[in-house]
Amino acid sequence: MTLTNKDKLIIFDTTLRDGEQSPGVTLTVNEKIEIAKQLSRLGVDVLEAGFPVASQGDFDAVQRIANEVGPLMVGREAIGKPITIAGLARAVPADIQRCYDAIANAPHKRIHTFLATSDIHLEHKLKITRDECVKRAVAAVSFAKTLVTDVEFSPEDAGRSDQDFLCRVLSAVIEAGATTLNIPDTVGYNMPEEYGAMIKYLIANTKGSDKVIWSAHCHNDLGLATANTLSGICNGIRQVEVTINGIGERAGNTAMEEIVMAVHTHPDFFPVYHTINTTLFFRISQLVSSLSGMVVQPNKAIVGANAFLHESGIHQDGVLKNKQTYEIISPETVGANTVNLVLGKHSGRAAFRSRLQELGFSELSEEEFQIAFNSFKTLADSKKRVTEQDLLALLSDQVSSSAGENTTYTVKSLQVVSGTSFATATVQLQNTQTGDILIDAAIGKSGPIEAVFLAIQRLVGKKIRLLKFDITAVGQGVDALGQVSVKIAEGSANGSSSDSEDSVTETEDKNAGLNEATYHGHGADSDIIQAATKAYLNAINRLVANESKRILGERKVDV
């Protein structure tokens with residue numbers, strides 16, 4: 001099948017909306033903008049930037065992405081147009097208007113509205129009849145169409161909806177002006193053959209089906225999101241809704257890198273082609289992992305640390321003789337080969353700036369560049385070889401720490417003394433809102449990191465539960481950069497006796513309440529205690545910044 005006989009596969013990324021609904025993931029506006037810039041450079045066609053009515057913070061993030069990322073053409077010369085910025089809205093006029101207000105300045109914009117169609121949702125959640133469902137869906141799409149020309153409609157829980165009723169709803173919204181119909185397997189229930197057959201049936205039996213783009217949005221509850229989406233493509237789907245690393249609600253969403261590389265490696269099998277720059281996958285995977293706190297499993301397809309490693313002697317022998325014996329994708333194709341490109345302490349500003357541009361960080365202000373350069377030189381003084389992985393870790397750390405109004409506390413100084421029995425830590429913080437300098441000390445029975453965390457708790461006046469603590473080395477060797485990711489929640493753990501001034505309360509994430517607010521933090525440093533301190537304070541700053549949002553009650557939805 002030649003390229004001229006194929007349809008373009010539209011890549012709709014929802015990392016910043018559905019991906020951010022992963023438990024404990026709360027991205028700052030700066031982090032969202034940096035990820036959005038990288039997604040634009042990657043070649044994504046449509047970016048769902050958020051759910052504007054959820055909170056003022058979400059609205060501001062979507063609006064800034066529309067203003068700052070919407071017009072960008074860097075890396076999109078072959079595509080010929082900037083990325084489309086989409087916002088999500090319930091089938092409610094106030095939601096739709098709020099969505100439009102957020103995306104209004106984007107050169108290409110889309111309103112994505114949704115309404116549940118399964119009987120279980122209509123009866124138990126919405127408490128409306130099927131007739132009322134059709135009426136609301138049509139009204140929502142009709143109103144959205146008065147604001148923008150590009151309108152997407154999703155029948156939530158389509159995978160468990162009556163298919164004939166789906167055809168009725170979808171026919172009505174096409175007549176009302178919908179341009180894209182998205183068919184979500186909201187709870188990850190469908191089998192691949194079942195999902196593909198549903199898509200085929202809907203296209204064949206929906207009036208006006210040839211006038212719209214059909215889209216797939218699959219969840220991974222049974223580990224079938226990628227398989228279901230590919231089955232949909234074979235049956236008429238021409239847009240896929242995906243996230244980087246497959247992050248998302250519950251077990252996650254369809255992973256963009258898996259869909260794109262499946263199409264990429266089987267050009268004669270699928271009736272579509274893509275325009276994604278696959279060599280950027282590894283970099284953006286690491287960026288999203290660092291900023292979201294969602295660690296990529298080593299054996300993750302395409303972007304996992306083990307994706308191109310060979311342990312078996314037979315496999316190693318074959319790869320040495322001909323890589324194609326055991327590699328269906330070359331590391332170069334997804335950018336995994338560039339991680340060992342080296343800078344050193346003698347590298348100057350020009351070489352460093354050039355490397356940042358290659359990594360997609362070409363729009364740093366002079367102040368931001370200087371901060372990054374200083375961090376690089378500090379690392380280079382203690383590490384002979386600074387790799388691309390190191391630079392990405394440093395830049396992710398800088399993006400996380402430059403949270404603007406979200407940064408309440410910064411570290412002024414840290415001193416730790418550790419022995420075989422206990423450790424002591426003296427921490428000095430500055431409250432950026434008041435200018436006050438705070439200092440306290442604590443003893444950690446379990447070691448220096450516990451001592452630091454306890455001192456910080458006392459300084460900020462909050463009792464913190466540590467839900468997750470991950471530390472990884474970036475690269476190899478004793479001089480490797482340390483990368484720490486934490487997840488925290490405020491308050492005592494079900495009245496646990498360990499909730500005292502002399503302990504850091506640790507609980508299993510599964511014990512956190514279903515509606516409990518959790519916060520992640522990220523830190524990178526050649527000193528792992530410094531990295532842990534950065535991560536812990538980063539999470540606390542998010543907690544402080546989101547207290548008002550939690551009181552107001554942010555809305556999050558699962559399409």
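Residues numbered from 1 in each chain as written. Predicted model: local features only at pLDDT ≥ 70, side-chain atom pairs only at ≥ 80, totals over all residues. Heavy atoms only, no water.

- Within an unreviewed UniProt entry, the label attached to the chain reads 2-isopropylmalate synthase, and the organism entered is Linnemannia gamsii.
- Under the Sequence similarities (unreviewed entry) heading, UniProt states for the chain: "Belongs to the alpha-IPM synthase/homocitrate synthase family. LeuA type 1 subfamily."
- According to the UniProt record, the Pathway (unreviewed entry) comment for the chain reads "Amino-acid biosynthesis; L-leucine biosynthesis; L-leucine from 3-methyl-2-oxobutanoate: step 1/4." (UniProt positions renumbered as here; feature names shortened; annotations may be inferred.)

1. Some details on unusual backbone geometry
Here comes step 1: In the Ramachandran plot, Asp157 falls in the positive-phi region, its phi being about 60° despite a non-glycine side chain.
Here comes step 2: With respect to the secondary-structure elements, Asp157 resides in the loop between strand 6 (151-156) and helix 6 (163-176).
Here comes step 3: For Arg250, which is not glycine, the phi torsion reads 55° and is therefore positive.
Here comes step 4: Looking at where Arg250 falls in the secondary structure, it is placed in the loop between strand 9 (239-242) and helix 9 (256-265).
Here comes step 5: For Arg250, a relative accessible area of 38% puts it in the partly exposed group. (Helix = DSSP H or I, 4+ residues; strand = E, 2+ residues; numbered from the N terminus. Buried < 20%, exposed > 50% of the residue type's maximum accessible area, 1.4 Å probe, protein only.)

2. Some details on the environment of His112
Here comes step 1: Counting through the fold element by element, His112 comes out in strand 5 (residues 109-116).
Here comes step 2: Its relative accessible area of 0% is what places His112 among the buried residues.
Here comes step 3: Remark: the alpha-carbon pair of His112 and Ala178, spanning 66 residues in sequence, is separated by 9.6 Å.
Here comes step 4: Residues within four places of His112 in sequence aside, it is in contact with Phe12, Glu48, Gly87, Leu88, Ala89, Glu152, Ser154, Asn182 and Glu241.
Here comes step 5: One polar contact links His112 to Glu48, side chain to side chain, over a distance of 2.8 Å.
Here comes step 6: A polar side-chain atom of His112 sits 2.6 Å from a polar atom in the side chain of Ser154. (Contact = heavy atoms within 4.5 Å. Polar contact = N/O pair within 3.5 Å; in protein donor to acceptor, adjacent residues only side chain to side chain.)

3. Details of the packing of helix 3 (residues 93-103) against helix 5 (residues 130-145)
Here comes step 1: The geometry of helix 3 relative to helix 5 is characterised by a closest axis approach of 10 Å and an angle of 30° between their N-to-C directions. It follows from the interaxial angle that helix 3 and helix 5 lie roughly parallel. In this structure, helix 3 crosses over helix 5, and the sense of that crossing is right-handed. For the pair formed by helix 3 and helix 5, the contact residues are Pro93, Ile96 and Gln97 on the first element and Ala140, Phe143 and Ala144 on the second.
Here comes step 2: Residue composition of the contact of helix 3 with helix 5, by class: five nonpolar, one polar and no charged. (Axes fitted to C-alpha atoms, helices over the stretch in contact; angles between N-to-C directions. Parallel < 35°, antiparallel > 145°, perpendicular 65-115°, else oblique. Left-handed = near helix turned anticlockwise from the far one by under 90°. Nonpolar A, V, L, I, M, F, W, Y, C, P; charged D, E, K, R; others polar.)

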